[in-house]
Structures are given as structure tokens and as C-alpha cells.
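# Topology and contacts: notes
Next come the chains, spelled out residue by residue.
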Amino acid sequence: MKYHIVTYGCQMNLHESEKIAGILREKGYTEEADIDDADIIVFNTCCIRENAENHAFGNIGALKKHKREKKDLIIAVGGCMAQEKGKAELIRQKFPFVDILFGTHNLNELGDLIDKKRAQKKRVFSLKEERGETEDNITPVRTGYPGAWVNIMYGCNNFCSYCIVPYVRGRERSRNADDVVREVEELSKEGYKEITLLGQNVNSYRGGETSFPELLDRCARVEGDFRLRFMTSHPKDFSAELVEVIKKHKKICNSIHLPVQSGSNRILNLMNRHYTREKYLEEIALLRREIPDCAVTTDIIVGFPTETEDEFQETLSLVKEAGFASAFMFIYSPRTGTKAAAMEGQIPEEIAKDRLSRLIDAVNEQTRQISAGYVGKSCEILCEGYDERKKLYLGRDEYGRMGYFEGEKCLIGKFVTLQVERANGISLYGSIVK
Ligand code: 5AD
Ligand code: SF4
């Protein structure tokens, strides 16, 4: 029997889908397949912005035909959207062909839900309130070689006023530090070359007595030839100890994802972010003092309720001052139940779109300049895959810059030295010298 998983959203969801695959394997679905050949299709949804939801709704809707043609096909919907208030009911009504619905606190039960569905005709909809569970007992089917993800914590306590994550993922739960280190050891032994520690806000990790910088330090001491990354960091909990640990270990990439969201103090306050533009820039200055080559990437939202043109200009100027290597940029999307959704002064879409496009231009220009600076130099790339269209291998350097190159034998999982010959937009092109 074969399975197909459709994932929306972030790296956390991608890793969660690896765990879903682990559960499916235990239930006898031995092989991954295209959507048309699968005996079970699982949607792991995201609700962080409206377009992620619309996308999922569209794709689930398209399966009506599959179900008509293949009567014993099982269709399951899980993830953040399933856990969102009122959405389970909507899915129940809108998609009568969905067999199983499970929320974010039900992952451990997915196997049982599949058994139940196989034994009965009735649909199995199971939503649980949060019980502080973690998913550490599930063995994932890893799909990202040479990269591997490791959860260090689940949930979020921050309640940024625009964000739905705390409502659908529950309160912060940190994993035991020994378990995290053991998983990193195993991954290193298995030959993974890039290990990423995952949490909504890794800086507030607390595994008993162990803080995040201590955990990172322990992970970096694990033997093996691998890179270590972590995401996401919250500027309010950023610390000098963290910078020290990054600086101390060669294994830890000199690269940090530090979402700023806005350059305006008034908007940051409305967003409930608990830092100012000045504090953020001081953190970057500290990083650059200690680790001059450290790349900083970020997330930015434009069009938050009441954001003025001048406040947007403050975001543009912060982009320059912070010297971001790249950024994920979003138009604010109202999420029902969050504080910001009820605020007055929602920004019209055309204005938000215009701000986004100006912001993208500014960030891209910076990103291009950094890439152009590589030409004529060499860098170390971890080869991650092969681009069938370009007929070139690809991979990233420690700062996250993508490089393309030719190779005669399979290079995936190897560290190579790339002599950069040209930069095309953001990406680097060159040949391997070692
Ligand atoms: N609208 C737009 N962007 C959002 N993000 C979170 N919630 C929203 C929202 N309602 C963005 C933030 C966060 C990233 C993961 O998604 O920038 O850092
Ligand atoms: Fe959402 Fe803020 Fe938590 Fe990130 S830190 S998941 S943006 S509430």
C-alpha cells in the first residue's frame, strides 16, 4: 500500500510530515507514491496566512474525483488548520469525502484513527484540546538528506498579536536535553551533514536546567562532520551567551534567522513583540562585533493594521541598517481570534501589495549585492541535490547562499569548495575546485 503526504507551511510542518510518514509506515503503507497512485492521502495543513488555507482548500477539493474513482482511498486532513476554531466543522461540511480529521494534539493517535476508519464506514473526526504532549516517540521517515530536523520544543507562549500559532499549537513544551543530544548523535552517525534544531522560539527553550545556549553547545560537541543550524529565534530572548556559543563552535553556522517583523516601534508594540527597533539593531551590532561574517535573515510583515507610509519607511531603513542577507516577506493576513484581527485601521490590499513590492525590491537589491561580492572568491557548499532542469548540482554555504555547479559523480551529501564564476540574481554559479 502506498501513501502521499501534502505539506503546507514551514520547516516544522515538513518535519511533522516526516513523523506522519513514520506512522503510515507502521500501518503498512510501505511506499511513497504520486497522489494518483496513493491508497492514503494526508494533508498536513498550515493556517498562518489566509493564502496557505485557500491553497489547502483548493487541493483538498480537487480530490473529490479521486475518491469517486477509488472507493477505498483514505483521505486525511491534519495540522494547524484542522485545529483552528471552526475549521473542522467547515471541512466536515465542505468535503464529505474527507475520511479522517486530526488536530495538532492528535498526532500520536493517527495510527489508531486509521485503524478505526478501516474498521468502519463512518468518518473519523478527532480533535483534542492541548494535553502538553510531545511527539518524541514517533520515528520519522526522513526526507531531507543530507539535512535533518530535530524538534527541541513545541508550541509558543508569545501571542504576537497577528499570529495564530499559539492558538493552534498550544503552550511551549521543551524536550528533554539528553533526548535532543542523543538524536543529534544518532543523526551524525547516520551520516546527516546538516542538523537543524526546530522550535517556534528556540531562545525560550528550557529542558530542566538546560537553557538554549547550553543545549546548542552540547549539540555542537557531538562528534562528526556536520553543520548545525537552529530556528526560529525571537529578538526579545536573544542573548550574549547565544552569540558566544555560535562563535565558539565551527560546526554552528554563522547564520541566524531573527524575525524583526517591522522597523517601527509603534507597530512592534502593537504586534506585542517586546523589543524596539533600537534593541534589535543593538543585537545585530553585537553579533557583527563578535562574528563579523554572521549572516542575518529575517521575517517582515507589511500592512499591519494602522501602519502608515512613514512607518513602512522605517521598515525599509531598518532593512538597510541591519544588512539582511535575505528575508521572508508577507502581507499581513488577519487571522480570526487574534488581537490584531479585531483592530481598527486594517490596511487596504492595494496599499499593502505596493509596500510588499517595494520591500521585496529593497531586500533583493541587497541580496544581489551580497551574491555579486562572491564572484572570484571560493566558498564551501554542502551539496543538497540535483536540479534536473538546470542539469546542475546545488547546495548552500553556511550563510544560506545557494550555489550551482557541475559534477561527474553524485555529490549529494558532500562538502565541496566552489570557485564562484558568476552570480545570477541571488544564486551563485561556478565550478568545484575540491
Ligand atoms: N500575517 C502575515 N504574516 C504572518 N506571520 C505570522 N502570522 C502572520 C499573519 N497573520 C509571519 C511572521 C512569522 C512568519 C513565520 O510568518 O513574519 O515570523
Ligand atoms: Fe507566532 Fe510570535 Fe509565536 Fe512566532 S513567536 S509563532 S510569530 S506568536
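Residues numbered from 1 in each chain as written. Chains lettered and ligands numbered in written order. Predicted model: local features only at pLDDT ≥ 70, side-chain atom pairs only at ≥ 80, totals over all residues. Heavy atoms only, no water.

A word on the nonpolar core. In this structure, Leu197, Phe212, Leu216 and Phe230 are the most contacted members of the largest nonpolar core, which totals 66 residues. Formed jointly, this core draws a minimum of three residues from each of two domains, domain 2 (144–253) and domain 3 (263–275 + 286–372). Not counting residues up to four positions away in its chain, the partners in contact with Phe230 are Thr196, Leu197, Val202, Phe212, Leu216, Leu242, Ile246, Ile252 and Ile256. Core analysis: the next-biggest nonpolar cluster, separate from the first, contains 26 residues, Ala38, Val77, Ala88 and Val168 among them. (Core = buried A, V, L, I, M, F, W, Y, C linked by side-chain atoms within 4.5 Å. Buried < 20%, exposed > 50% of the residue type's maximum accessible area, 1.4 Å probe, protein only. Domains from an automatic or database assignment. Contact = heavy atoms within 4.5 Å.)

The next thing to look at is the packing of aromatic side chains. By the definition in use, this model includes 12 aromatic pairs. Look at Tyr145 and Tyr192: their rings are 5.6 Å apart centre to centre, the planes differ by 65 degrees, and that puts the pair in the edge-to-face class. With Tyr145 in the loop between β6 (124–126) and β7 (147–151) and Tyr192 in the loop between α8 (177–190) and β10 (194–198), this pair connects stretches of sequence that are 47 residues apart. On the numbers, 5.3 Å between centres and 85 degrees between planes, the contact of Phe159 with Tyr167 is edge-to-face. According to the relative accessible area criterion, Tyr167 is partly exposed, its value standing at 44%. Taken together, Phe57, Phe95 and Phe97 form an aromatic cluster joined through their ring pairs. The ring of Phe330 has Arg49 sitting right over it, with the charged end atom 3.6 Å from the ring centre. (Phe/Tyr/Trp six-rings, centres within 6.5 Å; stacked < 30°, edge-to-face > 60°. Helix = DSSP H or I, 4+ residues; strand = E, 2+ residues; numbered from the N terminus. Lys NZ or Arg CZ within 6 Å of the ring centre and 35° of its normal.)

Before going further, it helps to examine the pattern of salt bridges. Scanning the model with the defined rule gives 32 salt bridges in all. A salt bridge links Asp99 to Lys67, with the shortest nitrogen-to-oxygen separation between them at 2.6 Å. Highlighted residues: Asp99 in the loop between α5 (87–94) and β5 (100–102) and Lys67 in helix α3 (residues 64–69), separated in sequence by 32 residues. The burial state of Asp99 is the same as that of Lys67; both residues are buried. When the shortest N-O distance is used, the salt bridge between Arg218 and Asp178 registers 3.0 Å. With Arg218 in helix α9 (residues 212–220) and Asp178 in helix α8, this residue pair connects regions lying 40 residues apart in the sequence. Here the residues in one salt-bridge network are Glu307, Glu309, Asp354, Arg355 and Arg358, joined through shared partners. (Salt bridge = Lys/Arg side-chain N within 4 Å of Asp/Glu carboxyl O.)

The local shell around ligand 1 consists of Ile48, Arg49, Tyr162, Gln261, Asp299, Ile301, Phe330, Ile331, Tyr332, Ser333 and Arg335. At 3.0 Å from a nitrogen atom of ligand 1 is found a main-chain nitrogen or oxygen belonging to Tyr162. Measuring from a nitrogen atom of ligand 1, one finds a backbone N or O atom of Ser333 at 2.8 Å. Protein coverage of the free-state accessible area of ligand 1, which is 400 Å², stands at 86%. At the level of secondary structure, the elements contributing two or more residues to the shell around ligand 1 comprise β15 (295–302) and β16 (326–331). Considered class by class, the residues forming the shell around ligand 1 number 6 nonpolar, 2 polar and 3 charged. (Near = heavy atom within 4 Å. Polar contact = N/O pair within 3.5 Å; in protein donor to acceptor, adjacent residues only side chain to side chain. Areas by Shrake-Rupley, 256 points an atom, 1.4 Å probe, with all protein chains shown as cover. Nonpolar A, V, L, I, M, F, W, Y, C, P; charged D, E, K, R; others polar.)

Looking now at the site of ligand 2. Residues in contact with ligand 2, as listed here, are Cys156, Asn158, Phe159, Cys160, Tyr162, Cys163, Val165, Pro166, Gln200, His234 and Arg273. Across the shell around ligand 2, the residue classes tally to 7 nonpolar, 3 polar and 1 charged.

Here we come to the pairing of strand β19 (residues 402–405). With burial as the criterion, each face of β19 is covered, one bearing Met402 and Tyr404 and the other bearing Gly403 and Phe405. In this sheet, β19 lies alongside strand β18 (residues 392–396) in antiparallel orientation, the contact comprising 4 bridges. Looking across to β19, one finds that Arg396 is bridged to Met402. Turn length for the β18-β19 hairpin, with the two strands adjacent in sequence and antiparallel, is 5 residues, and the turn residue Gly400 shows positive phi of about 95 degrees. As paired strands, β19 and strand β21 (residues 427–432) are joined by 2 bridges and run parallel to one another. Along β21, the bridge assignment pairs Tyr404 with Tyr429. (Pairing = 2+ DSSP bridges.)

Structural measurements only, silent on function.
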